[in-house]
Amino acid sequence: MIYVKTPFSREIREAVALTWGVTGEGERLHGGEESAAYRLDGHVIRVGPAGRAAAESEWCHAIARHAAASLPEAVAPLPTAEGTTVIVVGGRPISCWPYVEGAWPDSDIPAQREAGARLLARLHRALAGFRPGPRPVPAFQESGLYGDPPQDAAELDDPDLDRWLAAFHTEHPVRHPLHGDYYTGNTLARDGRIVAVLDWDETFVGAPELELAAAALEWGDDLAGPSEEFVAAYHEAGGTAGRLDEESLAQLVRHKLRREHAYFHKAVRSGVTHDEADVAYHRGRVELFHRLRP
């Protein structure tokens, strides 16, 4: 896994102290493919990528704050004195979050996989009635979602998938905010219980079935296909997504895999060098894209 090497500069530390009253050198936390996170005692400072507009982060944070109002596990950013959640330092969006103790859950453990599914169902219910308005910048996952062939994934061109996605969204009009990247790495568990949902940078408004399918892949055996147990537990917990037949589940997963393909090559273009494990994982996901084709 490649993580960004964004420093916690003196300029950022001074701005954080002035804005939120949080001080310290900062301990780099594990993770972060675009944003870097630093722990300062009971707080986490997230340093976003250069050039990301504050308005985009504020939009995502509004969804996190709405979820947190009724979902204890949803971790939301702390407001500034002006009521916003983002400051910009050196062209980077900076935000402050409460620190939550925990470790990534293990989706190979059936009880934790089921807990992840039930939490997603509760998260969707918490967000179902929220109407945040248009996202300032489309999320990466939205490219190609409604049948327009994504230009950044030409190697996985699939007109049948494009037509299927267009028809699916015509037949499934329910839309509400989604987390956008619901996998074990964006959750935390403690004493066998999931206690936090983190990292709302990829949230967007879409059909909940899309996130259910993507999460079933991430919390299942991600090189074999989506987890049927995850889907079943989600529905048992009353999630907002409708029932999916085998073809629908596979096609929505294939959309996710195509976006992953595009992200891998985006990283390469930005100068990232992937190691052998990263390349092997990428090839496995591409193979799964073809294998799941109905």
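First things first, this report covers the structure right here in the doc. As the structure is a computational prediction, the values presented were derived from the model and not from experiment.

Conventions and cut-offs
Residues numbered from 1 in each chain as written. Predicted model: local features only at pLDDT ≥ 70, side-chain atom pairs only at ≥ 80, totals over all residues. Heavy atoms only, no water. Pairing = 2+ DSSP bridges. Helix = DSSP H or I, 4+ residues; strand = E, 2+ residues; numbered from the N terminus. Contact = heavy atoms within 4.5 Å. Polar contact = N/O pair within 3.5 Å; in protein donor to acceptor, adjacent residues only side chain to side chain. 1 Å grid on protein atoms, 1.4 Å probe; cavity = no way out; pocket = protein on both sides within 12 Å on 5 of 7 lines; lining within 4 Å. Points joined across faces, edges and corners; volume = space filled by probe spheres on them. Nonpolar A, V, L, I, M, F, W, Y, C, P; charged D, E, K, R; others polar. Buried < 20%, exposed > 50% of the residue type's maximum accessible area, 1.4 Å probe, protein only. Patch = residues over 30% accessible without salt bridge, like charges linked within 9 Å, V, L, I, M, F, W, Y side chains within 5 Å. Areas by Shrake-Rupley, 256 points an atom, 1.4 Å probe, with all protein chains shown as cover. Salt bridge = Lys/Arg side-chain N within 4 Å of Asp/Glu carboxyl O. Lys, Arg positive; Asp, Glu negative; His and termini not counted. Charge placed at Lys NZ, Arg CZ, Asp CG, Glu CD. Core = buried A, V, L, I, M, F, W, Y, C linked by side-chain atoms within 4.5 Å.

Strand order across the open sheet formed by five strands is β1-β2-β3-β5-β4, with antiparallel pairing between neighbours. Looking at which strands have only one partner, the edges of the open sheet turn out to be β1 (27-28) and β4 (87-89). In terms of strand pairing, β1 meets strand β2 (residues 36-40) through two bridges, oriented antiparallel. Pairing of E27 across the sheet is with R39, part of β2.

With that settled, the discussion passes to the environment of R259. Among the secondary structure elements, R259 is positioned in helix α7 (residues 246-269). Sequence-distant contacts of R259, that is, excluding residues within four places in its chain, are made with F140, Q141, S143, P150 and D152.

Inspection of the secondary structure puts D158 in the loop between α3 (110-127) and α4 (159-171). Reaching out from D158, the side chain makes a polar contact with the backbone nitrogen of D160 at a distance of 3.2 Å. In contact with D158, other than residues within four places in its own chain, are R254, R258, F289 and R293.

Before going further, it helps to examine the layout of surface pockets. The volume enclosed by the second largest pocket comes to roughly 270 Å³. Along the wall of the second largest pocket there are 16 residues; nearest its centre are P226, E228, D245, E246 and L249. Counting only elements with at least two residues in the lining of the second largest pocket, the list comes to α6 (228-236) and α7. When the residues that make up the lining of the second largest pocket are grouped by side-chain class, the tally is nine nonpolar, two polar and five charged.

This paragraph deals with the pairing of strand β5 (residues 92-98). Residues in a regular strand point their side chains to alternate faces of the sheet. Counting buried positions along β5 yields five of seven residues, so the element is predominantly enclosed. Relative to β5, strand β3 (residues 43-47) runs antiparallel, the two being bridged by five bridges. Bridge pairing in β5 places V44 opposite W97. Pairing of β4 with β5, which is carried by three bridges, proceeds in the antiparallel orientation. Note that in β5 the partner of I87 across the bridge is I94. The antiparallel hairpin formed by β4 and β5 contains two residues in its connecting segment, where G90 sits at a positive phi of about 60°.

A contiguous patch of negative charge, built from E228, E229, D245, E246 and E247, is present on the exposed surface. Counting residues per element, the ones that place at least two in the negative patch are α6 and α7. In this fold, E229 is placed in helix α6. Residue class for E229 comes out exposed when judged on its relative accessible area of 53%.

Scanning all chains against the criterion turns up one cavity of 30 Å³ or more. Taken as a whole, the largest cavity holds about 70 Å³ of empty space. What lines the largest cavity is a set of 13 residues, among which R46, G48, S57, P93 and S95 lie closest to the centre. Put simply, the parts of the chain that give the lining of the largest cavity at least two residues each are β3, α2 (54-68) and β5. Ranked by residue count, the leading element in the lining of the largest cavity is β5, at three residues. Residues that form the lining of the largest cavity fall into these classes: five nonpolar, five polar and three charged.

Once that is clear, we can look at unusual backbone geometry. A positive phi angle, close to 55°, is found at D41, a residue other than glycine. Structurally, the position occupied by D41 is in the loop between β2 and β3.

The next subject is the nonpolar core. In this structure, L123, Y182, W200, F230 and L252 are the most contacted members of the largest nonpolar core, which totals 60 residues. Looking at which element gives the most residues to this core, the answer is α3, with seven residues. Apart from the residues within four sequence positions on either side, W200 is in contact with C60, I63, A64, A67, A74, V75, W97, L123 and H179. In terms of nonpolar packing, the next biggest core, distinct from the first, is built from 15 residues, F8, W20, A36 and V47 among them.

Read these as layout, nothing more, since geometry by itself doesn't imply function.
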